[in-house]
Amino acid sequence: ADTRLDTRTLQQLDSAHFLHPFTDHGALGAKGARVIVRGDGIHVWDSDGHKIIDGMSGLWCVNVGYGRTSITQAVARQMDVLPFYNSFFNTTNVPAVKLAEKLAGLAPPGFEHVFFTSSGSEANDTALRMVWRYWQLMDQPERRIVISRRNAYHGSTVAGASLGGMAAMHAQGALPIPGIDHIEQPNFAEHGRGLSEAEFGLLAADWLERKVLELGPDKVAAFIGEPVQGAGGVIIPPQTYWPQIQRICDKYGILLISDEVICGFGRLGTWFGCERMGMRPDLIPFAKGVTSGYVPLGGVLVGERVARALVERGGDFNHGFTYSGHPVACAAALENLRIIEDEKLVERVARETGPHLKAAFARLANHPLVGHAEAIGMAAGLNLVRRKGATVHDCEPFARDLAVGMVCRQHMFDNGVIMRAVGDRMIVAPPLVMTGAQIDEMVERIRLCLDLTLVDVQRRGWL
Ligand SMILES: Cc1ncc(COP(=O)(O)O)c(CNc2cccc(C(=O)O)c2)c1O
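The residue count restarts for each chain, going from 1 along the sequence in the order it is written. Per-residue local features of the predicted model are confined to residues with pLDDT of at least 70, and side-chain atom pairs are confined, for both listing and counting, to 80 or more; whole-chain, interface and lining totals are unaffected and use all residues. In computing side-chain values, all of the structure's heavy atoms are included and hydrogens and water are not.

**Describing the site of the ligand**
Here's step 1: Near the ligand you find 16 residues, and of these W60, G120, S121, D259 and R420 are the closest.
Here's step 2: At 3.0 Å from an oxygen atom of the ligand is found a main-chain nitrogen or oxygen belonging to G120.
Here's step 3: Contacts to the ligand include K288, whose side-chain N or O atom sits 3.2 Å from a nitrogen atom.
Here's step 4: Relative to its unbound accessible surface of 540 Å², the ligand loses 83% to contact with the protein.
Here's step 5: The leading source of residues in the shell around the ligand is helix 6 (residues 120-137), at 3 residues.
Here's step 6: Charged residues are taken to be Asp, Glu, Lys and Arg, nonpolar residues to be Ala, Val, Leu, Ile, Met, Phe, Trp, Tyr, Cys and Pro, and polar residues to be all remaining types, Gly included. Of the residues belonging to the shell around the ligand, the class tally is 6 nonpolar, 6 polar and 4 charged. To be near a molecule or strand, a residue needs just one of its heavy atoms within 4 Å of it. Whenever a nitrogen or oxygen atom comes within 3.5 Å of another N or O atom, the pair is scored as a polar contact, on the condition that within protein one atom can donate a hydrogen and the other can accept it, and that pairs from neighbouring residues in sequence are kept only if both atoms are in side chains. Each accessible area value is a Shrake-Rupley result obtained with a 1.4 Å probe; residue values ignore everything except the protein chains displayed when judging cover. Only DSSP runs of H or I covering at least 4 residues are called helices, and only runs of E covering at least 2 are called strands; the numbering of each starts at the N terminus.

**Comments concerning the sheet that holds strand 2 (residues 43-46)**
Here's step 1: DSSP bridges decide pairing: two strands pair if at least two such bridges lie between them. In space, the 3 strands of this open sheet follow the order 1-2-3, with antiparallel pairing throughout. The outermost strands of the open sheet, each flanked by one partner alone, are strand 1 (36-40) and strand 3 (51-53). Each adjacent strand pair in this sheet contributes to an overall mean axis angle of 30°, direction not counted.
Here's step 2: With 4 bridges joining them, strand 1 and strand 2 adopt antiparallel strand pairing. Axes, fitted as lines to C-alpha atoms, cover a helix only where it is in contact. Angles between the N-to-C directions of the axes lie from 0 to 180 degrees.

**Remarks on the environment of N415**
Here's step 1: Positionally, N415 belongs in the loop between helix 16 (404-414) and strand 14 (420-422).
Here's step 2: Through-space distance from the C-alpha of N415 to that of H170 is 35 Å; in sequence the pair is 245 residues apart.
Here's step 3: What makes two residues a contact is simply this: any of their non-hydrogen atoms within 4.5 Å. If sequence neighbours within four positions are ignored, N415 has contacts with R445, L448, C449 and L452.

In structure tokens, the structure reads:
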């Protein structure tokens, strides 16, 4: 008998049993979840047969696209031989060793060690534990505070949510935990009025020095940031920002954590985003693109400053997870990284498809609803505005409660393209394998949906 469940049945069972992340479960139950059943290349299909351009690479992660059977085979082979073993008690496994070596080779100079986790949140929790341990080993245990940015996203564990700067997450519980502090985000459109981008980048970075002096330099352990903020809305800082942050970290001896869960593995046209943005981090949390999401895997690349302390004087580092160095996840990562290397996807994003996306998004900026549009590598964002202005600072936004972004997102889904709405900021982070022609097709669908959204807001009298 055909065990395939029809969409309605799936939605009813989903609503009865499956609590989704970041979701109003009751509201979803009323309308039913969209059931995604298949992926191939840059497309996914839903249970009603609609073919959809996955402009978000799943969730910023399916860098090599769907349908890579060589990853399936690598995973199946490993499962048949050793589906699991742990890396506690002085044991290891072959895929974990090979992947650790591979990552050390791909990482920026000075990164020879990897700590494995199963997610980006666990990677950031691990980075925090390492930072605290490092300062203990350096006989400065009072250095405990980690500074981050408002509207940053660093995960959803207690530490990840605290390191993040999402107020809506902090509001649901006693977050952030003590010892985590935040400065404003380097969002030129939001805070740069009257300044050049370069001037604003320096100003935004100096917010860190002001915070350090406020807290006391001998209390500050680390600064954490995404080279480019992803879930915050593809917030690309001015080029002057990160070099100035680096100078401030160097000046006060503060460890720098570059959260590359999104920006790693080619997203910005470099293996790691820090290489493009002018950062020299001490720790690099990663996840997502390391396996293209095929199997959960995360970790932290540990730079020599921290590794030396942990390895030479640390004794037992009392931290880790059952699945740290999971053989099947590591096998998936090894094949995924081989694909990225063999198909030269990082170089392609840098030289060809990244510039193509940037030019295509620049053309979208002439749409009446688009206030400004930015792109870097294979990530891009545009702001839906009520009135366009001469500069990004002169645009008039829609009232937030109109949720125009969600109206637009619905048109996207109904017209076969997935775009993420962060408020009224619409973003894409497509698979790195997307070709120029496919980018053009995606952008044309986006333009159609912008037209449909314009009709909607006109009809509702919101303009
Ligand atoms: C920069 C960064 N750091 C850490 C995490 C946490 O990773 P895990 O989810 O694997 O624990 C992320 C994850 N990024 C993420 C996760 C969920 C939703 C969205 C969104 O854009 O709506 C983005 C991320 O983007």
